[in-house]
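# Observations on the model geometry
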Amino acid sequence: MISLTDQPIDSSAALAQVASHDAGAVVLFLGTTREFTRGRRTASLDYECYPQMAEQKLAELEAEARGRWPLTGCFIIHRLGHLKLGEASIAIAVSSPHRAVAFAAGQWLIDTIKEVVPIWKCENWADGTTEWVHPGLTGNENQSKIEGPITKHQ
Amino acid sequence: MIVNIKLFAVARQRIGHGTIEVELPADPTVSHLRAALAEQYPPLADILPHIRIAVNNEYATDTTKVASATEIALIPPVSGG
């Protein structure tokens with residue numbers, strides 16, 4: 001199931017959507033509003049979308065994920081409108097009999113959503129300026145570098 | 001023919017409207033649409049190469065036909081999630 005909302009995301013409700021006695025693993029991903037991006041301070045974010053196409057693409061991705069992996073449950077909700085720091089813009093909950101599938105499907109869903117679903121983020125910077133984020137276009141894409149696990153030997 | 005195009009995010013910001021009209025030759029394709037947009041809406045010209053075009057809620061290629069009854073939108077690089 002997929003959903004677009006202008007209300008705060010309830011992560012417990014997202015988990016309830018994928019709860020099942022057939023599941024041995026549940027993975028929940030939350031995308032949240034970060035305060036600093038490359039040293040620049042964010043005051044808040046605004047999200048807008050192309051509603052009909054965004055819903056269609058999210059539904060296609062859910063169907064594709066269910067085709068690629070044996071999922072017990074899959075729930076995606078994206079928030080639109082104005083978000084304060086720390087609030088979740090997206091929740092993806094997937095459940096499956098075993099954990100590897102749930103992790104893989106959740107990772108694939110968020111990565112693919114960020115490439116194809118017509119939703120856009122506007123940064124309201126703390127200095128009072130605003131800026132639409134368009135990866136590859138404006139040069140301010142919030143791409144986090146993938147780093148390996150932190151291993152401590154003590 | 002005249003077609004209506006939906007705009008979002010930076011494209012809408014640059015034009016100041018959520019919809020624009022574009023004049024196209026007969027039996028147009030997305031390729032014709034791109035050329036017409038660059039000519040008729042100069043504020044979009046530099047970002048057009050980065051913008052995908054959706055026809056009836058699907059990403060189109062340059063050879064996709066743009067019929068008068070279809071819904072067309074400019075999709076700048078997305079940043080949801």
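Please refer to the structure higher up on the page.
All values derive from a computational prediction rather than experimental measurement. (Residues numbered from 1 in each chain as written. Chains lettered and ligands numbered in written order. Predicted model: local features only at pLDDT ≥ 70, side-chain atom pairs only at ≥ 80, totals over all residues.)

### With respect to the sheet that holds strand E3 (residues 52–55) of chain B
Residue and element names in this part refer to chain B.
- As summarised here, the arrangement of the five strands in space is E2-E1-E5-E3-E4, forming an open sheet in which the pairing is mixed. Where the open sheet ends on each side, the last strands, each with one partner, are strand E2 (19–23) and strand E4 (58–59).
- Looking at chain direction, strand E1 (residues 2–6) and strand E5 (residues 72–75) are connected through two bridges and run parallel. Each residue of the ladder has a partner; that of Lys 6, found in E5, is Ala 73.
- Contacting E2 and E3, helix H2 (residues 30–40) runs over the sheet at an angle of about 105 degrees to E2. (Pairing = 2+ DSSP bridges. Helix = DSSP H or I, 4+ residues; strand = E, 2+ residues; numbered from the N terminus. Contact = placed C-beta atoms within 7 Å. Axes fitted to C-alpha atoms, helices over the stretch in contact; angles between N-to-C directions.)

### Observations concerning the environment of Ile15(B)
All names here are of chain B.
- Along the chain, Ile 15 falls in helix H1 (residues 9–15).
- We classify Ile 15 as partly exposed; it has 16 C-beta atoms within 10 Å.
- Sequence separation of Ile 15 and Pro 42 is 27 residues, and the distance between their C-alpha atoms is 9.5 Å. (Buried ≥ 20, exposed ≤ 12 C-beta atoms within 10 Å, placed from the backbone.)

### Remarks on the sheet that holds strand E2 (residues 25–32) of chain A
Residues and elements named next belong to chain A.
- If you trace the four strands from one edge of the open sheet to the other, you get E1-E5-E7-E2, paired in mixed fashion. Whereas interior strands pair on both sides, the edge strands pair on one side only; in this sheet they are strand E1 (2–5) and E2. Taking each pair of neighbouring strands and ignoring which way they run, the sheet shows an average axis angle of 10 degrees.
- With eight bridges connecting them, E2 and strand E7 (residues 88–96) associate as antiparallel partners.

### Looking at helix H3 (residues 99–116) of chain A
Residue and element names in this part refer to chain A.
- Over its 18 residues, H3 runs 26 Å from end to end, which matches the ideal 26 Å to within 8%, given 1.5 Å per residue.
- All of the buried residues along H3 are Val 101, Ala 102, Ala 105, Gly 106, Leu 109 and Ile 113. For H3, the angular spread of buried residues about the axis comes to 125 degrees, placing them on one side. Looking at H3, the residues exposed on the side facing more than 90 degrees away from the buried face are Ala 100, Asp 111 and Glu 115.
- Where H3 is buried, its residues contact E2, helix H2 (51–68), strand E5 (73–79) and E7. (Expected span 1.5 Å × (residues − 1). Arc of directions from axis to C-beta.)

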